[in-house]
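Geometric and topological summary
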Amino acid sequence: MTRFRTSFRLLAATAALAAAWTGAQAQTGAYPSRPVRLIVGFPAGTGPDIVARLLAQKLSEGWNGVGVVVDNKPGAGGTIAASEAARAQPDGYTIMLGETGQLSIAPSSYTKLPYDPKKDFAPVSQVVTSNFMLVVNPQKVPARDVKQFVDWSRQQKGLFMGTFGAGTPGHFGAYIFGDAIGVKPEAVHYRNTGDALAGLMSGDVSGAFASVGLAAPNVKAGKLVALAASGETRAALLPDVPTFKEQGYGQLVFQSWFGIVAPSRTPPEVLAKLEADIRRAMQSADGKQRMEDAGFSVTGTTAKEFGNIIAADTVTWGKAVQATGFKAD
């Protein structure tokens, strides 16, 4: 009887270990088995939010309906969201749609940044890039191309450029523009997109750098005029608007990007699955078309490529921040 009980206990222990191992394997292989939280550092309706929601929908479709919940945490140029994402449980169930300002500009513009983009995050995939449009209010500014805007600006008491937040690519884009034309701009920071557009409409600012997706509806409706595009080539949504390069300002080529990052200690197998699924979603005809219709250029890079982009842009934008002497804190 004793021998029987001992054998029974050994069999039970072996079965328990096997079950635990099988359960662990199933849990790893089944990721995601519950909704994934996607943190976005900007309000609903902004460029990052649009990208996040389009990506969330495509990922959910590929994950057999497992939800991706977009969680907007706006404030401080996206650094509030990044701080929260950096402290999240590294299990793949909290990820962030990072952007240029949070990951490549903030290290230079903040004296004390509450997170370290290099140490606290694992890059997963750059999803899209976004070029900018220099836009003006046609009721307030008579210019219809860059040269006319430059000539008009030099006759004013100052060049007031609206931004969608201090420390954002549009903010430093205004300084890059001012440096190129020899006019020092006064950056007027607004809390959100709606306030910035209101400032343009009222004539409180002379112009602004807006993403293609945001600019296009207002330009097509006649509310704003786009003077130039910041990309290497013209934007598909506004093909009649020439680039800065076409108008003789070759140094004015810049863009922002959005991509997925996860807390740095997220398991490699989870990161690999996220990367593969994001790239698959962005390479699908439907996913690509939706992003392009919203004014973005799809990239869908590997994790290594995205890491290299973040590192290179940290140097590039760092020089721009240093030249302005700007500090966000």
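Source: prediction; values computed, not measured. (Residues numbered from 1 in each chain as written. Predicted model: local features only at pLDDT ≥ 70, side-chain atom pairs only at ≥ 80, totals over all residues. Heavy atoms only, no water.)

If you tally the helices and strands in the protein chain, you get twelve helices and ten strands. Overall size of the protein chain, expressed as C-alpha extent along the three principal axes, is 105 × 40 × 30 Å. Scored against the burial criterion, the 329 residues of the protein chain give a buried share of 50%. Contacts spanning at least 24 positions in sequence make up 77% of the contacts within the protein chain whose residues lie at least 6 apart. (Helix = DSSP H or I, 4+ residues; strand = E, 2+ residues; numbered from the N terminus. Buried < 20%, exposed > 50% of the residue type's maximum accessible area, 1.4 Å probe, protein only. Contact = heavy atoms within 4.5 Å.)

What follows deals with unusual backbone geometry. Here the residue pair Tyr31 and Pro32 is connected by a cis peptide bond, since its omega of -5 degrees sits within 30 degrees of zero. One non-glycine residue, Ala76, lies in positive phi territory at about 55 degrees. The topology assignment puts Ala76 in the loop between β2 (68-72) and α3 (79-86). Ala76 gets classed as partly exposed once you look at its relative accessible area, which sits at 40%.

The next point concerns the environment of Gly165. Inspection of the secondary structure assignment puts Gly165 in the loop between β5 (159-163) and α7 (169-181). Using a relative accessible area of 11% as the deciding quantity, one classes Gly165 as buried. Sequence separation between Gly165 and Pro239 is 74 residues, and the spatial gap between their C-alpha atoms is 27 Å. Not counting chain neighbours up to four residues away, the residues in contact with Gly165 comprise His171, His189 and Tyr190.

All right, on to the confidence of the model for the protein chain then. Here the protein chain averages 89 in pLDDT, while 91% of its residues score no lower than 70. For residues 1-28, every residue scores under 50 in pLDDT, and the model assigns this stretch one contact once sequence neighbours within four places are set aside. (pLDDT = per-residue confidence, 0-100.)

Right, let's get into helix α12 (residues 303-324). Relative to the 32 Å expected for 22 residues at 1.5 Å per residue, α12 spans 31 Å between its end C-alpha atoms, a close match to the ideal helical length. Taken residue by residue, α12 has Ala303, Phe306, Ile310, Asp313, Trp317, Gly318, Ala320 and Val321 as its buried positions. Considering only its buried residues, α12 is in contact with α4 (100-109), β4 (121-136), α7, β9 (255-263) and α10 (268-283). Backbone geometry just downstream of α12 places Gly325 in the positive-phi region, at approximately 75 degrees. (Expected span 1.5 Å × (residues − 1).)

Before going further, it helps to spend a moment on the pattern of salt bridges. All chains considered together, the criterion is met by 14 salt bridges. As a salt-bridge pair, Arg234 and Glu246 come within 3.0 Å of each other at their nearest N and O atoms. Highlighted residues: Arg234 in the loop between β8 (225-229) and β9 and Glu246 in the loop between β8 and β9, separated in sequence by twelve residues. (Salt bridge = Lys/Arg side-chain N within 4 Å of Asp/Glu carboxyl O.)

With respect to the helices, strands and loops of the structure, Asp329 is situated in the segment after α12. You can call Asp329 partly exposed: its relative accessible area is 47%. Among the polar contacts listed, one links the side chain of Asp329 to the backbone nitrogen of Thr111, at a separation of 3.0 Å. (Polar contact = N/O pair within 3.5 Å; in protein donor to acceptor, adjacent residues only side chain to side chain.)

With that out of the way, let us pick up the packing of helix α2 (residues 47-62) against α10. Helices that pack against each other are described as a pair by the angle of their axes relative to one another and the distance between those axes. Where α2 contacts α10, the axes come no closer than 9 Å and their chain directions differ by 105 degrees. Looking at the two axes, α2 sits roughly perpendicular to α10. Only Asp277, Ile278, Ala281 and Met282 of α10 make contact with α2, whose side of the interface consists of Leu55, Lys58 and Leu59. For the contact of α2 with α10, a count of residues per class yields five nonpolar, no polar and two charged. (Axes fitted to C-alpha atoms, helices over the stretch in contact; angles between N-to-C directions. Parallel < 35°, antiparallel > 145°, perpendicular 65-115°, else oblique. Nonpolar A, V, L, I, M, F, W, Y, C, P; charged D, E, K, R; others polar.)

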